[in-house]
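Residue-level listing of the chains:
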Amino acid sequence: MQLLPVNLAYFLEVARTGSVTEAANALNVAPSAISRQIAKLESGIGVPLFARHPRGMTLTEAGSRLLAHARRTETESTALLEELRTGRGAQARSVAVACSEGFARRLVPRTVADFRREHPGMTFRVDVVDRQEATRRVVEGLADVAVTYTMGPQHDVRVECAVVVPVAAIVPLGHELAGRDRIGLADLCAYPLALASPGTSQRELFDIGAQLEGITVRPALVCDSLGPQYEFVRAGGGLALVGDLGDLGGIGQDTSAEGVAYVPVDHPVFRQREAQVQTATGRRPSWPAAQFTELLVGALRRDRSP
């Protein structure tokens, strides 16, 4: 049984064989029928999908991009039919999530709680890893969904949602910067700082911004884990920098229980980083994973601004 639209099915076969005639033989239809469907597809899209040659047809750049989409759709359709026949997708009772530490503080566990209110039988595994590892786990099928951040286009995963990540300083309650609407890098760097290690995206952007501003910074504390950074701030050691939406959900709210306040840091360099919800290409998620991903996308979009 075929779930693909006829025009995509014909397109896939012509792309595979490089010939309308051979595609017609493989599909057991008239060559004219395939030619009509390809022509309608190209007319609807508005660009040619094939370059015609005396001995066959080759994909254009637009055709190559459509081919990748069509193959993913074909794979997902096949997986869906198998799930419908066997009931396996509906029986899945667990979801694996890979995310950075910041997202694990608020965004992911709160979304898990929201999901389980409607589906109390579901279980979750949340692995807190760095950004490259989160993406790798989705690509290799070790996680159903990743919540991570990136500074460039992603080709190996499907990006379900991407939002620019705000950055904020963590300051002690009562600190002279705590009441500010926003601060610049020079304001931040006037105090001892706890920063992530070089090579992380947040630190990379911070270093670029400091260089642009002509600021030399020697961090008082270098640590990739958020817990020690928060404790450093609460103990009056200085300030820290956070850039995950999971942490920044506290901006504008009463955070006195945490013993810190969040102050947005305003610099264009930080707008280069995106928070993303990522899933696998070419692999259909289980029904619970798909529903949880949708809920996660909604939560990320709601929390994208301080």
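Residues numbered from 1 in each chain as written. Predicted model: local features only at pLDDT ≥ 70, side-chain atom pairs only at ≥ 80, totals over all residues. Heavy atoms only, no water.

Another aspect to go through is the overall build of the chain. Scanning the chain from terminus to terminus reveals 13 helices and 12 strands. Each of the 306 residues in the chain was classed as buried or not, and the buried ones make up 45%. The long-range share in the chain, meaning contacts at least 24 apart out of those at least 6 apart in sequence, stands at 74%. Of the roughly 15500 Å² that the chain leaves accessible, carbon and sulfur atoms contribute 49%. (Helix = DSSP H or I, 4+ residues; strand = E, 2+ residues; numbered from the N terminus. Buried < 20%, exposed > 50% of the residue type's maximum accessible area, 1.4 Å probe, protein only. Contact = heavy atoms within 4.5 Å. Areas by Shrake-Rupley, 256 points an atom, 1.4 Å probe, with all protein chains shown as cover.)

Before going further, it helps to spend a moment on the pattern of salt bridges. In total, this model carries 12 salt bridges according to the counting rule given. Note that Glu 133 and Arg 136 form a salt bridge whose closest N and O atoms lie 2.6 Å from each other. You can see Glu 133 and its partner Arg 136 sitting in helix 8 (residues 131–139), three residues apart, about one turn around the helix. We note a salt bridge from Arg 180 to Asp 187, for which the minimum N-O separation is 3.3 Å. (Salt bridge = Lys/Arg side-chain N within 4 Å of Asp/Glu carboxyl O.)

Take the sheet that holds strand 4 (residues 123–128) next. Taken together, the five strands give an open sheet; going across it, the order is 4-3-5-12-6, and neighbouring strands pair in mixed fashion. In the strand order of this sheet, the two ends are held by strand 4 and strand 6 (157–164), each with one partner. This sheet shows a mean twist of 20° between the axes of neighbouring strands, independent of strand direction. Where strand 6 and strand 12 (residues 274–280) come together, seven bridges link them in antiparallel fashion. The partner of Val 164 across the bridge, within strand 12, is Glu 274. Contacting strand 3 (94–99), strand 4 and strand 5 (145–150), helix 7 (residues 107–118) runs over the sheet at an angle of about 175° to strand 4. (Pairing = 2+ DSSP bridges. Axes fitted to C-alpha atoms, helices over the stretch in contact; angles between N-to-C directions.)

What follows covers helix 10 (residues 201–213). With 13 residues, helix 10 should reach 18 Å at 1.5 Å per residue; the first-to-last C-alpha distance of 18 Å fits that figure. Buried-residue contacts for helix 10 involve helix 8, strand 5, helix 9 (185–188), strand 8 (193–195), strand 9 (221–222) and strand 10 (239–242). Directly after helix 10, the chain includes Gly 214, whose backbone phi takes a positive value near 70°. (Expected span 1.5 Å × (residues − 1).)

So, about the packing of helix 2 (residues 20–27) against helix 3 (residues 31–45). Running from N to C, helix 2 and helix 3 point in directions that differ by 115°, and their axes come no closer than 8 Å. As summarised for this structure, helix 2 and helix 3 are arranged roughly perpendicular, according to the angle between their axes. Of the two elements, helix 2 crosses helix 3, and the hand of that crossing is right-handed. Of the residues in helix 3, those in contact with Val 20, Ala 23, Ala 24 and Leu 27 of helix 2 are Pro 31, Ile 34 and Ser 35. (Parallel < 35°, antiparallel > 145°, perpendicular 65-115°, else oblique. Left-handed = near helix turned anticlockwise from the far one by under 90°.)

A few words on the packing of aromatic side chains. In this description, a pair of aromatic rings is defined by centroid distance and the angle of the planes. Applying the stated rule across the entire model yields five aromatic pairs. Ring centres of Phe 115 and Phe 124 lie 5.7 Å apart, and the angle between their planes is 85°; this geometry places the pair in the edge-to-face category. Note on Tyr 230 and Tyr 262: the rings are 6.5 Å apart at their centroids and 65° apart in plane angle, and the pair reads as edge-to-face. A residue pair is termed long-range when its members are at least 10 positions apart, and Tyr 230 in helix 11 (residues 226–234) and Tyr 262 in strand 11 (residues 260–264) qualify at 32 residues. Grouping aromatic residues by their ring pairs yields a cluster made of Phe 115, Phe 124 and Phe 292. We note Arg 273 situated over the ring of Tyr 149; from NZ or CZ to the ring centre the distance is 4.1 Å. (Phe/Tyr/Trp six-rings, centres within 6.5 Å; stacked < 30°, edge-to-face > 60°. Lys NZ or Arg CZ within 6 Å of the ring centre and 35° of its normal.)

Grouped together as the largest cluster of nonpolar side chains are 23 residues, with contacts concentrated most on Phe 103, Val 108, Val 147, Val 277, Phe 292, Leu 296 and Leu 300. The set of elements that each furnish at least two residues to this core consists of strand 3, helix 7, strand 5, strand 6, strand 12 and helix 13 (287–302). Ranked by the residues each element gives to this core, the list is headed by helix 13, at six residues. If we skip the residues at most four places from it in the chain, Val 147 touches Ala 98, Cys 99, Ser 100, Phe 103, Leu 107, Val 108, Gln 276 and Leu 296. (Core = buried A, V, L, I, M, F, W, Y, C linked by side-chain atoms within 4.5 Å.)

The next thing to look at is the confidence of the model for the chain. Residues of the chain with pLDDT of at least 70 account for 89%, and the chain-wide mean is 86. For the chain, helix 12 (residues 245–248) is the element with the lowest average pLDDT, namely 50, and strand 9 is the one with the highest, namely 96. (pLDDT = per-residue confidence, 0-100.)

Let's shift gears to the packing of helix 1 (residues 6–17) against helix 2. Following both chains from N to C, one finds helix 1 and helix 2 inclined at 120°, their axes separated by 8 Å at the closest point. Between helix 1 and helix 2, the interaxial angle falls into the category oblique. In this structure, the crossing between helix 1 and helix 2 has a hand that is right-handed. In this structure, helix 1 contributes Ala 9, Tyr 10, Glu 13, Val 14, Arg 16 and Thr 17 to the contact, and helix 2 contributes Val 20, Glu 22, Ala 23, Ala 26 and Leu 27. Class assignment of the residues belonging to the contact of helix 1 with helix 2 gives a composition of seven nonpolar, one polar and three charged. (Nonpolar A, V, L, I, M, F, W, Y, C, P; charged D, E, K, R; others polar.)

For the rest of this paragraph, the subject is helix 11. All of the buried residues in helix 11 are Leu 226, Gln 229, Tyr 230, Phe 232 and Val 233. All buried residues of helix 11 fall inside an arc of 160° around its axis, so they share one side. Gly 236 occupies a position one or two residues after helix 11 and carries a positive phi of about 85°. (Arc of directions from axis to C-beta.)

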